Amino acid sequence: MPTPVEDRFLTANRLNLHLLEWGDAGRVVLLLHGFLEHAHVWDWVAPRLAAAGYHVYALDWRGHGDSQWIGAGGYYHFIDYVADLAGVVRALADRVILVAHSMGGGAGVLYAGTEPERVEALVSIEGLGVPDSDPSTAPDRAVGWLQDLERVAARERRPVSVTTAAARLRERSPHLSQAAALHLVEHGTKDVNGKRVWKFDPLHQTRSPQPMSAAQARAFWQRVSCPVLYVEGSESWLRLPASDVTDRLTTLHARRVTIAGAGHHPHLEQPEELARVLLDFFAGV
């Protein structure tokens, strides 16, 4: 019988955050989704981990899924995710295993370098941060950011067609099955006055004013002390320059595994194989 899933809410960093929970005992595994997604992306992997004896949680990041949006005047700076994650980890266990995808992987790596003593192991799936940026672009990014904020404030939320949105997801990620794409949209939208709208805060669709600094990020990577596994899809459309990947994995002392037949979402495209890879890695920690 599949392990049942439960909804949980907790307060972290003064926000009401939503999690899904599978199991009630064992080493704690915390799953972290990617940009504009939600905790239910793990619905095919988490039960397999729980069935193997792990206590599994999947987080909705701030402003995603069923977690609280930030208040008026706030924003979603990347370091904010680190603060949220610190509060969630404290609420769940002394130490956790982190499994994080894409944007969540970038945040997970930063957290593991901030509080290394609280991370037992780290798996980053297609998420090592974005390419380095020239700091001189900061003023132009700030100008664009202010324009984005005005645009989002003035824009009315448009209704979503589940089937159309699923088709667009499959155009971008053709390795997603129809069932997986529909699952993403159905759990990523909600009913508002008889119309389906996305759950995520539209502020996520603005470009951050902060340029990425590889030198700053490297200082975090160097503090990561746990075993690290990097997982990629063989057919992924998201690729950092090969030199960037090599540099980051070398700094993290990370192993690298490629999932055949998967794109950017191995947990949705090849969940059984990803679960096997994760359980093998956990067993060796």
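Look up a bit, the structure's there.
What you are looking at is a predicted structure, and each value in this text was computed from that prediction instead of being measured.

Draft legend 1. Local environment of the packing of aromatic side chains. Inspection of every chain in the model, using the stated rule, returns 7 aromatic pairs. Ring pairs connect the aromatic residues Tyr54, Phe281 and Phe282, which therefore count as one cluster. In this arrangement the basic side chain of Arg172 is found over the ring face of Trp237, its NZ or CZ atom lying 4.2 Å from the centre.

Draft legend 2. Quick peek at the packing of helix H5 (residues 162–172) against helix H6 (residues 178–188). Where H5 meets H6, the axes come as close as 8 Å, and the angle between the chain directions of the two elements is 120°. As far as their axial angle goes, H6 and H5 are oblique. Relative to H6, H5 is oriented so that their crossing is right-handed. Contacts from Val162, Ala165, Ala166, Leu169 and Arg170 in H5 reach Gln178, Ala181, Leu182, Leu184, Val185 and Glu186 in H6. Across the contact of H5 with H6, the residue classes tally to 8 nonpolar, 1 polar and 2 charged.

Draft legend 3. Focus on helix H4 (residues 138–154). Under the 1.5 Å per step criterion, the end-to-end length of H4 is 24 Å for 17 residues, consistent within 8% with the ideal 24 Å. The complete set of buried residues in H4 reads Arg141, Trp145, Asp148 and Val152. The buried residues of H4 occupy an angular sector of 65° when projected down its axis, which confines them to one face. For H4, the exposed residues set more than 90 degrees away from the buried face come down to Pro139, Asp140, Glu150, Ala153 and Ala154.

Draft legend 4. Geometry of the side chain of Ser102. Considering the arrangement of structural elements, one finds Ser102 in the loop between strand E5 (96–101) and helix H3 (103–114). A polar contact is formed between the side chain of Ser102 and the side chain of His264, at a distance of 3.0 Å. For Ser102, the residues in contact, after removing those within four places along its chain, are Gly34, Ile125, Glu126, Gly127, Leu238 and His264.

Draft legend 5. Quick look at the nonpolar core. Residues Leu30, Val88 and Leu98 are the most contacted members of the largest nonpolar core, which totals 49 residues. When residues in this core are grouped by element, the largest group, 7 residues, is from helix H2 (residues 78–92). Excluding residues within four positions of it along the chain, Val88 makes contact with Leu10, Ala12, Leu17, Leu19, Leu30 and Leu59. In terms of nonpolar packing, the next biggest core, distinct from the first, is built from 33 residues, Leu31, Leu268, Leu274 and Val277 among them.

Draft legend 6. Focus on the pattern of salt bridges. Summed over all chains, the structure comprises 13 salt bridges. Residue Lys199 is joined to Asp66 by a salt bridge in which the shortest nitrogen-to-oxygen separation is 3.1 Å. Placement of the pair is Lys199 in the loop between strand E8 (195–198) and helix H7 (214–221) and Asp66 in the loop between strand E4 (55–59) and H2, with a sequence separation of 133 residues. Using a relative accessible area of 34% as the deciding quantity, one classes Asp66 as partly exposed. One salt bridge in this structure joins Arg218 and Asp247, with 2.4 Å as the shortest N-O distance. Highlighted residues: Arg218 in helix H7 and Asp247 in helix H8 (residues 242–252), separated in sequence by 29 residues. Take Arg218: its relative accessible area is 26%, and that puts it in the partly exposed class.

Draft legend 7. Representation of H8 in the model. Among all positions in H8, only Val245, Arg248, Leu249, Thr251 and Leu252 are buried. Down the axis of H8, the smallest arc covering the buried residues is 160°, so these residues share one side. Exposed and facing more than 90 degrees away from the buried side of H8 are Ala242, Ser243 and Thr250. Those residues of H8 that are buried lie in contact with H3, H7, strand E9 (228–233) and strand E10 (255–259).

What counts as what
Residues numbered from 1 in each chain as written. Predicted model: local features only at pLDDT ≥ 70, side-chain atom pairs only at ≥ 80, totals over all residues. Heavy atoms only, no water. Phe/Tyr/Trp six-rings, centres within 6.5 Å; stacked < 30°, edge-to-face > 60°. Lys NZ or Arg CZ within 6 Å of the ring centre and 35° of its normal. Axes fitted to C-alpha atoms, helices over the stretch in contact; angles between N-to-C directions. Helix = DSSP H or I, 4+ residues; strand = E, 2+ residues; numbered from the N terminus. Parallel < 35°, antiparallel > 145°, perpendicular 65-115°, else oblique. Left-handed = near helix turned anticlockwise from the far one by under 90°. Contact = heavy atoms within 4.5 Å. Nonpolar A, V, L, I, M, F, W, Y, C, P; charged D, E, K, R; others polar. Expected span 1.5 Å × (residues − 1). Buried < 20%, exposed > 50% of the residue type's maximum accessible area, 1.4 Å probe, protein only. Arc of directions from axis to C-beta. Polar contact = N/O pair within 3.5 Å; in protein donor to acceptor, adjacent residues only side chain to side chain. Core = buried A, V, L, I, M, F, W, Y, C linked by side-chain atoms within 4.5 Å. Salt bridge = Lys/Arg side-chain N within 4 Å of Asp/Glu carboxyl O.

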